[in-house]
Structure formats: C-alpha cells, structure tokens
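Chain and residue survey
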Amino acid sequence: MSRRPKSATMLQPDGFARPDNRRTLLLDEAARLFGARGYDSTSMRDIATAVGMLPGSLYYHFPSKEDLLVAVYTIGMEQMLQAVLTAIAPETEPWRRLERAAAAHLGTLLDKSGYAAAVVADWPSPASSVRAELVRQRDRYEETFRALVADLPLGPHQDRQFLRLALLGALNWTLAWYRPDGDGPETIARRLVAQFRAG
C-alpha cells in the first residue's frame, strides 16, 4: 500500500477539481531531502531543483520552507500514527501491544517511500515560528505510546516516562545504524522492548 499523501486539488477553469501533482511532487522531494540531509541543510532551491522547478515557482505552493516542513511533518506523523493504531488494534496483551507499536513505528520510519524519516530529521531552531506546531503534533502522536506504557505491569520503582522516551529514542536512532541486510523492524522492535521488560 502506498504511503504517498493524497494529492491536493486545484479548481480548473472548467470548474472541475484536479489533483495538484506538482504540490505532491514537492512534498515527496522535501520529505526525501529533509530526511536525508536534515532541515537546516536543505534549501528551497535544493527542493525546486530536485523537481525541475524554478525556485520562485515553489513559493506559489508554499510561502516558506517552514510552511513546507509543517506540511511534510503533518503527513509523516499521520502515517506513523495510522500504522501504530492499525498494528495494535488486534492485540490485547500490554507488552505485545507495545512491541507491535514499536515495530510499526520503526517500519514506517525505515520506509523509503514514506515521510516518517523527515519527522525525526533536524528540526528548525528553537526560535522558529513553526516549532510549537511541530511539538504539538509530536505530542499528539506520543500520546499513543504514553497510553501503551501506562498499561504495562511495571514494578513500583520503574519510571514510565523514562521508558517511553528511551524506547522512542532508541527506535528513532535506528536510522543511523540500520542495514537492510540485517534484522528487520519486527525483530529489532521485539529485542528493544524485551530489554525494557527485563529491566
């Protein structure tokens, strides 16, 4: 199943709405470049060049690089959220639910056709006008993991917040060392969750 976003639509002179494929192409390339290079190292010119567009034309679709980042981030977070919710739906055992959520998170993150890698790439500076929106969306996504960890049968001295943050951090860091010819997302997720369960 494709993880591409639904195309935006534009109203044509004949009154019919048609997909704005240029906007979708821009989002695809922005997600790829943000994920590969990081936000600060990717310019609007880089993105325009990647799609064969003049830099000035890009601003017709997105007034600023920050606006483009928010659009990419929104899609990426939604892809991850839907993957996690789908994965945990048939499971009731708390540790198994967390394991399935971790596998879905990691699988989406490593999917080259998706936007999730851009979600964990370098963010804009703390002074950025869109940072608060990115934090809001991230927190909304992490609520699912907060609820999953809250259901775990942990000991009285185990820190649920630390477990959640450490697990998500470990999953996201996988981007730095993952190799396609090694363990798959499900195996990695199972082993990571097992470490926290043993602790």
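In this text the structure is predicted, and so the values were computed from the model without any measurement.

**Description of helix H1 (residues 21-37)**
- When the terminal C-alpha atoms of H1 are compared, their 24 Å separation across 17 residues agrees well with the 24 Å that a helix rising 1.5 Å per residue should span.
- Of the positions making up H1, those classed as buried are Thr24, Leu26, Leu27, Asp28, Glu29, Ala30, Ala31, Leu33 and Phe34.
- Once H1 ends, the next one or two residues include Gly38, with phi positive near 95 degrees.

**What about the packing of helix H8 (residues 160-177) against helix H9 (residues 185-198)?**
- Contact geometry of H8 with H9 gives a least axis separation of 11 Å together with a crossing angle of 145 degrees. Seen from above, H8 lies across H9 with right-handed handedness. Mapping the contact onto sequence places Leu163, Ala166, Leu167, Ala170, Leu171, Thr174 and Trp177 in H8 and Ile188, Leu192, Val193 and Phe196 in H9.
- Among the residues forming the contact of H8 with H9, the class breakdown is 10 nonpolar, 1 polar and no charged.

**Considerations on the side chain of Lys65**
- Structurally, the position occupied by Lys65 is in helix H4 (residues 65-88).
- Buried within the structure, Lys65 lacks any salt-bridge partner; Asp40 is the closest side chain of opposite charge, at an N-O distance of 5.1 Å.
- Those residues in contact with Lys65, other than ones at most four positions away along the chain, are Phe34, Tyr39, Asp40, Thr42 and Met44.

**As for the packing of aromatic side chains**
- In this structure the tally under the stated criterion is 2 aromatic pairs.
- Residues Phe34 and Tyr39 carry aromatic rings whose centres are separated by 5.4 Å and whose planes lie at 50 degrees to one another, so their mutual orientation is tilted. Here the two residues Phe34 and Tyr39 agree in accessibility, since each one is buried.
- Between the aromatic rings of Tyr141 and Phe145, the centroid separation amounts to 5.8 Å while the plane-to-plane angle is 55 degrees, which identifies the pairing as tilted. Taken together, the residues span about one helical turn, with Tyr141 and Phe145 both in helix H7 (residues 131-150) at a distance of 4 residues.
- Relative accessible area serves as the criterion here: at 4%, Tyr141 is assigned to the buried category.
- Above the face of the Tyr39 ring, Lys65 is positioned so that its terminal group lies 4.2 Å from the ring centre.

**Some details on H4**
- For H4, which comprises 24 residues, the first-to-last C-alpha distance of 35 Å matches the rise-based estimate of 34 Å (1.5 Å per residue) to within 8%.
- Summarising burial for H4: 17 of the 24 residues are buried, a large majority.

**Here we look at the nonpolar core**
- Ranked by size, the top nonpolar core spans 59 residues in total, and within it Phe34, Leu58, Leu68, Val72 and Leu98 carry the most contacts.
- Among the elements of the structure, H1, helix H2 (44-50), H4, helix H5 (94-109), helix H6 (116-119), H7, H8 and H9 are those that each provide at least two residues to this core.
- Of the residues forming this core, the biggest block, 14 residues, is contributed by H4.
- Once residues within four sequence positions are removed from consideration, Leu98 is found in contact with Phe145, Leu148, Val149, Leu152, Leu163, Leu167 and Val193.

The rules we used
- Residues numbered from 1 in each chain as written.
- Predicted model: local features only at pLDDT ≥ 70, side-chain atom pairs only at ≥ 80, totals over all residues.
- Heavy atoms only, no water.
- Helix = DSSP H or I, 4+ residues; strand = E, 2+ residues; numbered from the N terminus.
- Expected span 1.5 Å × (residues − 1).
- Buried < 20%, exposed > 50% of the residue type's maximum accessible area, 1.4 Å probe, protein only.
- Axes fitted to C-alpha atoms, helices over the stretch in contact; angles between N-to-C directions.
- Left-handed = near helix turned anticlockwise from the far one by under 90°.
- Contact = heavy atoms within 4.5 Å.
- Nonpolar A, V, L, I, M, F, W, Y, C, P; charged D, E, K, R; others polar.
- Lys, Arg positive; Asp, Glu negative; His and termini not counted.
- Salt bridge = Lys/Arg side-chain N within 4 Å of Asp/Glu carboxyl O.
- Phe/Tyr/Trp six-rings, centres within 6.5 Å; stacked < 30°, edge-to-face > 60°.
- Lys NZ or Arg CZ within 6 Å of the ring centre and 35° of its normal.
- Core = buried A, V, L, I, M, F, W, Y, C linked by side-chain atoms within 4.5 Å.

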